[in-house]
Amino acid sequence: MILLVIIVVSFFIKHIISTLLLVLLAALAILAIYLDVSWLNNGIKENSLTEISQEVILTIIVGLYLWQAKNPSRRSAMTLIAGFFLCMLIREMDFVFDLLHHGSWVWFALVAAAVAIGCNVNKSSAAMTQMITFMRHPAYGMLLSGLLCVLIFSRLFGMNHLWHNIMLEGYNRIVKDMVEEGVELFGYVLCFASTLWYVCSKRKNGPGA
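Please read all numbers here as calculations on a predicted model, not as lab measurements. (Residues numbered from 1 in each chain as written. Predicted model: local features only at pLDDT ≥ 70, side-chain atom pairs only at ≥ 80, totals over all residues. Heavy atoms only, no water.)

Asks: I'd like a rundown of the side chain of Ser104, residues and numbers included.
Replies: One can find Ser104 in the loop between helix H4 (94-97) and helix H5 (105-118). Among the residues examined, Ser104 registers a relative accessible area of 8% and is labelled buried. With sequence-adjacent residues up to four places away left out, Ser104 is seen in contact with Phe97 and Asp98. (Helix = DSSP H or I, 4+ residues; strand = E, 2+ residues; numbered from the N terminus. Buried < 20%, exposed > 50% of the residue type's maximum accessible area, 1.4 Å probe, protein only. Contact = heavy atoms within 4.5 Å.)

Right under this line is the structure:
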């Protein structure tokens, strides 16, 4: 009976801690937007805390998946996922590549994608099997939700035509950018939380899991 109580209590404590961590991450995302708009008055530009937060999160995600790629049993899948997020990071930092030539980020992203795919060109069977295994992990659902926020919802919700119709003559681009980048940042937070979940579960299960 005592053992059962300990197991139940530890279960609830673990999930309470996980929930509080997610709440903290979401709050930090809102804090970045609040500081940009209310204190820094920078209009969510490339050097804003919101944009920097997105780039830092993406960098950490890429690093974590590359770290997981050290394990041969999931190397192909982790390399491909890391390459995907690296392309997203390059896109977020397009202003840096614009110093070379406007739109040149596309070529760097294509190189990153080519390297990730090229590393697995002769391992298609292993890559597919590992990706299926990854997609069966509970963290994949959160990762997919984050990607939907970033790649679909934020883009559609941030359409200029929509916000012109909402605000009419009082149209203010800062409001549109704040909402769009805020949704995008929240999506990256979900991706980051999902990555942490996946990595921590693999550490708990051991290096060969």
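Still more to cover.
Asks: Give a description of the environment of Ser76 that names residues and reports values.
Replies: Mapped onto the fold, Ser76 is located in helix H3 (residues 75-92). Along the primary structure Ser76 and Met128 are separated by 52 residues, whereas in three dimensions their C-alpha atoms are 8.5 Å apart.

Asks: Break down the confidence of the model for the protein chain for me, citing the residues and quoting the values.
Replies: Averaged over every residue, the pLDDT of the protein chain is 87; residues scoring 70 or more account for 91%. Per-element confidence in the protein chain ranges from a low mean pLDDT of 78 for helix H1 (residues 2-40) to a high of 96 for H3. (pLDDT = per-residue confidence, 0-100.)

Asks: Run through a nonpolar patch on the surface, naming residues and quoting values.
Replies: A cluster of nonpolar side chains, namely Leu21, Leu24, Leu28, Leu31, Tyr34, Trp39, Leu40 and Leu49, defines an oily patch on the protein surface of about 810 Å² accessible area. Ranked by residues supplied to the nonpolar patch, first place goes to H1 with seven residues. By the secondary structure assignment, Tyr34 is in helix H1. (Patch = residues over 30% accessible without salt bridge, like charges linked within 9 Å, V, L, I, M, F, W, Y side chains within 5 Å. Areas by Shrake-Rupley, 256 points an atom, 1.4 Å probe, with all protein chains shown as cover. Salt bridge = Lys/Arg side-chain N within 4 Å of Asp/Glu carboxyl O.)

Asks: Lay out the packing of aromatic side chains with the relevant residues and their values.
Replies: This structure, assessed with the given rule, holds eight aromatic pairs. With 6.2 Å between their ring centres and 75 degrees between their planes, Tyr65 and Phe134 make a pair best called edge-to-face. Of the two residues, Tyr65 sits in helix H2 (residues 49-68) while Phe134 sits in helix H6 (residues 124-135), which places them 69 residues apart along the sequence. Among the residues examined, Tyr65 registers a relative accessible area of 0% and is labelled buried. Overall, Phe134 belongs to the buried group, its relative accessible area being 4%. Joined through ring pairs, the aromatic side chains of Tyr65, Phe84, Phe85, Phe134, Tyr140 and Tyr198 make up one cluster. Against the face of Trp105 rests Arg91, its NZ or CZ located 4.9 Å from the ring centre. (Phe/Tyr/Trp six-rings, centres within 6.5 Å; stacked < 30°, edge-to-face > 60°. Lys NZ or Arg CZ within 6 Å of the ring centre and 35° of its normal.)

Asks: Describe the nonpolar core, naming the residues involved and giving the relevant values.
Replies: Counting 34 residues, the largest nonpolar core has Tyr65, Met78 and Phe85 as its most contacted members. If one sorts the elements of this core by residue count, helix H9 (residues 173-205) sits on top with ten residues. Not counting residues within four places of it along the chain, the set of residues in contact with Met78 comprises Tyr65, Gln68, Ala69, Phe134 and Tyr198. (Core = buried A, V, L, I, M, F, W, Y, C linked by side-chain atoms within 4.5 Å.)

Asks: Any chance you could break down the side chain of Lys176 for me, citing the residues and the numbers?
Replies: Summarising the element assignment, Lys176 is placed in helix H9. There is a polar contact of 3.4 Å between the side chain of Lys176 and the side chain of Asp177. With sequence-adjacent residues up to four places away left out, Lys176 is seen in contact with Gly158, Asn160, Trp163 and Tyr171. (Polar contact = N/O pair within 3.5 Å; in protein donor to acceptor, adjacent residues only side chain to side chain.)

Asks: Quick rundown of helix H7 (residues 139-157)? Include the residues and the values.
Replies: Across its 19 residues, H7 extends 25 Å between first and last C-alpha, which sits within 8% of the 27 Å expected from 1.5 Å per residue. The largest bend in H7 amounts to roughly 40 degrees and is located at Cys149. Taken residue by residue, H7 has Ala139, Met142, Leu143, Gly146, Leu147, Cys149, Val150 and Ser154 as its buried positions. (Expected span 1.5 Å × (residues − 1). Bend = angle between axes of the 7 residues up to and from the residue.)

Asks: Describe the pattern of salt bridges, naming the residues involved and giving the relevant values.
Replies: When the charged atoms of two side chains lie near each other, side chains of opposite charge can form a pair. For the coordinates displayed, the defined rule picks out five salt bridges. The partner of Lys176 in a salt bridge is Asp177, and the shortest N-O contact between them spans 3.4 Å. Pair check on accessibility: Lys176 and Asp177 agree, each one buried. Via salt bridges that share partners, Arg173, Lys176, Asp177 and Glu180 belong to a single interconnected network.

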